[in-house]
Amino acid sequence: SSDLNYKALDPIDVIFINEDDDTEAAGLVIGNLSGNTTESNDNATFEIRLSSEPLGTVVFNLSSSDTGEGTVSPDNLSFDNSSWSTLQTVTVSGIDDNITDGTQAYQIQISSDASTSDSNYRGLPSEFVTVSNLDNDIAGFEVSAISGNTNESGDNATFTVKLRAKPPSGTNVNFSLSSSNPSEGTVVPDNLSFTDSSWNTNQTVTVSGVDDDLIDGYQTFSIILGKALSNNLLYN
């Protein structure tokens, strides 16, 4: 200015406040889980979106705490300032482990990726969704048909036994065998034992007729398979 009174005079700054209309803090909105997974190929789903508009691209990683029970797809989700409020679907699939372990709970972990450009979203605490995988393996025994019958002349009969489903690792399943009438027939062995490695191997049971020196005609008797003793509650 040519006026020395105004020259180099610094005017007063005018201060404004821009009010934020984003009331939600940075975070995830996770919908309810639709059911649970099963070992018969049934899936569960849930949906995710961000709670507020991010300043840049936000990436989250998804993983299962037990891939032997369930897997998750996709394994990452990406949001930006145009898609942050759009729900994205996550699918959880059950795994058939062929083990009689009952219903097993596991978790889907959702954690912020290091590539997230918005510092408000980067490093957020992980979120967890709990899922249950329903077992389809039924504890039980498979007993074969009998090969023939016994007689008092020393002929034997046999049948086989195995477990219907695999017990968990470290499990033993034992049960006794006995004859309802030892004077007509005996059984060998008198005990069968199965483990998680031998559960589906047929074990042979031999039934031998006993000569009682009586004229008593055909006699019916049973081989009794006792109740199982096991450290697995489903077999015990």
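Please refer to the structure higher up on the page.
A brief report on the enclosed structure follows. (Residues numbered from 1 in each chain as written. Predicted model: local features only at pLDDT ≥ 70, side-chain atom pairs only at ≥ 80, totals over all residues. Heavy atoms only, no water.)

1. Let's talk about the overall build of the protein chain
Piece 1. A tally of helices and strands in the protein chain yields zero helices and 17 strands.
Piece 2. Its C-alpha atoms put the protein chain at 145 × 25 × 20 Å along the principal axes.
Piece 3. Counting every position in the protein chain, which comprises 236 residues, the buried fraction comes to 31%.
Piece 4. Counted over contacts in the protein chain with a minimum sequence separation of 6, partners at least 24 positions apart contribute 65%.
Piece 5. With an accessible surface of roughly 14,200 Å², the protein chain has 47% of that area assigned to carbon and sulfur atoms.
Piece 6. Charge separation in the protein chain, taken as the distance between the mean sites of 7 positive and 34 negative side-chain charges, equals 6 Å. (Helix = DSSP H or I, 4+ residues; strand = E, 2+ residues; numbered from the N terminus. Buried < 20%, exposed > 50% of the residue type's maximum accessible area, 1.4 Å probe, protein only. Contact = heavy atoms within 4.5 Å. Areas by Shrake-Rupley, 256 points an atom, 1.4 Å probe, with all protein chains shown as cover. Lys, Arg positive; Asp, Glu negative; His and termini not counted. Charge placed at Lys NZ, Arg CZ, Asp CG, Glu CD.)

2. Quick word on the packing of aromatic side chains
Piece 1. Across all of its chains, the model carries three aromatic pairs by this definition.
Piece 2. Each residue in the set Phe141, Phe175, Phe194 and Tyr235 is aromatic and connected to the rest through ring pairs, giving one cluster. (Phe/Tyr/Trp six-rings, centres within 6.5 Å; stacked < 30°, edge-to-face > 60°.)

3. Here we look at the pairing of strand β15 (residues 203-209)
Piece 1. Strand direction decides the pairing type here: strand β11 (residues 156-163) and β15, joined by six bridges, are antiparallel. Note on β15: the bridge partner recorded for Asn156 is Ser208.
Piece 2. In terms of strand pairing, strand β13 (residues 185-188) meets β15 through four bridges, oriented antiparallel. By the bridge assignment, Thr186 is partnered in β15 with Ser208. (Pairing = 2+ DSSP bridges.)

4. Regarding the side chain of Thr116
Piece 1. Looking at the secondary structure, you find Thr116 in the loop between β8 (104-112) and β9 (127-134).
Piece 2. Judged by relative accessible area, Thr116 falls into the buried class, the value being 1%.
Piece 3. Contacts of Thr116, omitting those with residues within four sequence positions, involve Thr57, Val58, Val59, Tyr121 and Arg122.

5. Points about the sheet that holds β11
Where strands meet in a sheet, backbone hydrogen bonds hold them as pairs that are either parallel or antiparallel.
Piece 1. With antiparallel pairing, the four strands of this open sheet are ordered in space as β10-β11-β15-β13. In this open sheet, the two edge strands, each paired with only one partner strand, are β10 (141-143) and β13. Pairwise comparison of adjacent strand axes, ignoring direction, gives a mean angle of 25° for this sheet. (Axes fitted to C-alpha atoms, helices over the stretch in contact; angles between N-to-C directions.)

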